Amino acid sequence: MSLTYEFVTSVPHGSRPIYVNASLLKRINCEQFVDYSQVKGYKSTLVDTIPQTGTALHAFASTYAITDNMASATVQMLQLAPNDPKIKSTLTALSMAFPKMPPYTYHKNGEPFVEQQLTIPWRRYMYNGQDVTIVLWARPDYLGILNDVLRLLDYKTSLYYKTEDALRKYEWEFQFKYYAWLIYEFGHVFLPLEIANLARDFRLTTQVVVAQVGSNPKWSWGPVKPFTRADVETIPQIVEHAIENVILPLNTSSIIPTPNGIMTNSCMYCDFKHVCHSTPDISAGILERNFVIKPYGPAIEEPNPF
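A quick note: this is a predicted structure, and the numbers were derived from the prediction, not measured. (Residues numbered from 1 in each chain as written. Predicted model: local features only at pLDDT ≥ 70, side-chain atom pairs only at ≥ 80, totals over all residues. Heavy atoms only, no water.)

Draft legend 1. The side chain of Ser 158, seen in detail. Summarising the element assignment, Ser 158 is placed in strand β7 (residues 149-158). A polar contact is formed between the side chain of Ser 158 and the backbone nitrogen of Tyr 160, at a distance of 3.1 Å. (Helix = DSSP H or I, 4+ residues; strand = E, 2+ residues; numbered from the N terminus. Polar contact = N/O pair within 3.5 Å; in protein donor to acceptor, adjacent residues only side chain to side chain.)

Draft legend 2. Quick peek at the pattern of salt bridges. Per the counting criterion, the structure on display carries ten salt bridges. The partner of Asp 154 in a salt bridge is Lys 156, and the shortest N-O contact between them spans 3.3 Å. For Asp 154, a relative accessible area of 3% puts it in the buried group. In this structure, Lys 177 and Asp 231 form a salt bridge, with 2.8 Å as the shortest nitrogen-oxygen distance. (Salt bridge = Lys/Arg side-chain N within 4 Å of Asp/Glu carboxyl O. Buried < 20%, exposed > 50% of the residue type's maximum accessible area, 1.4 Å probe, protein only.)

Draft legend 3. Expanded view of the nonpolar core. Counting 59 residues, the largest nonpolar core has Leu 136, Tyr 178 and Trp 181 as the members making the most contacts within it. No other element matches helix α7 (residues 174-190), which puts ten residues into this core. Residues contacting Trp 181, with those up to four places away along its chain left out, are Trp 122, Leu 136, Phe 186, Phe 227, Ile 235, Pro 236 and Val 239. (Core = buried A, V, L, I, M, F, W, Y, C linked by side-chain atoms within 4.5 Å. Contact = heavy atoms within 4.5 Å.)

Draft legend 4. Spotlight on helix α3 (residues 49-67). Between its first and last C-alpha, α3 extends 27 Å over 19 residues, near the 27 Å set by a 1.5 Å rise per residue. Of the positions making up α3, those classed as buried are Thr 53, Gly 54, Ala 56, Leu 57, His 58, Ala 59, Phe 60, Ala 61, Ser 62, Thr 63 and Ala 65. Looking at the buried residues of α3, the elements they touch are α4 (70-80), α5 (85-96), β6 (142-146), β7, β8 (204-212) and β9 (218-221). By the N-cap criterion, in which a side-chain oxygen at the helix start approaches the backbone nitrogen of a residue two or three places on, α3 is capped by Asp 48, the distance to Ile 50 being 2.9 Å. (Expected span 1.5 Å × (residues − 1).)

All we've got here are geometric facts, nothing functional implied.
This is how it looks when you write it as structure tokens:
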């Protein structure tokens, strides 16, 4: 049974905001991950070349989309890239082959809808004696418009050599559905009314754009997928279930987190795998050496660009 809540449009005075984004929801199967990353605010300080490469390429894509200046976008990309000649050469090749995007639409404030950070107060709960407000948080890469149909684009990187393998990984990507639902449900908050109405009329599609960074660097387009009436029902149910069964209990200390992500083999991709799979004294040392504590939220944490 769902808990009692009230819809809000701002965080009420005295209510504690709890930020929920797609990156967190995709890892909701592991209570320990949610506890370490969101509740306790641990963030890894280790530099990984794969996400660093993605961040650099993402910076190029957004800067070039807005400025149409390939030179300055490339300079920014190389400044953020790992200090590896091979990786920089691959990134340069990808920048030169960057595909043509549909025209972007605009935020209500007049800015291009490219990497627009969205924070949407949604529900206020009284849970375990605490007053908390769920704030939906997202940063879509690119919202374009073509023939009066919105196209929500998301850049991803892949090491797969075959295009079909690279695209298959993102065929059922939850993040796309989450972003599309936010645009459908709350577009009137951050989009001009005529653009928001297109989403409400289900003239809203999603598409992945994959940068293959292997031995043959190239860009590949995934299929265009619609946002449907079924999604309108399903996505908020999924989000609600995650909030009420995992996020709220962990944030109000009503349950002890369990590292149950191990059941779905999630540890391989987790920053906390060595913490969870070590003895308590070693785990404490890893947390102290390799992590910093920052509040989980848009003002502090950088988004997962790829």
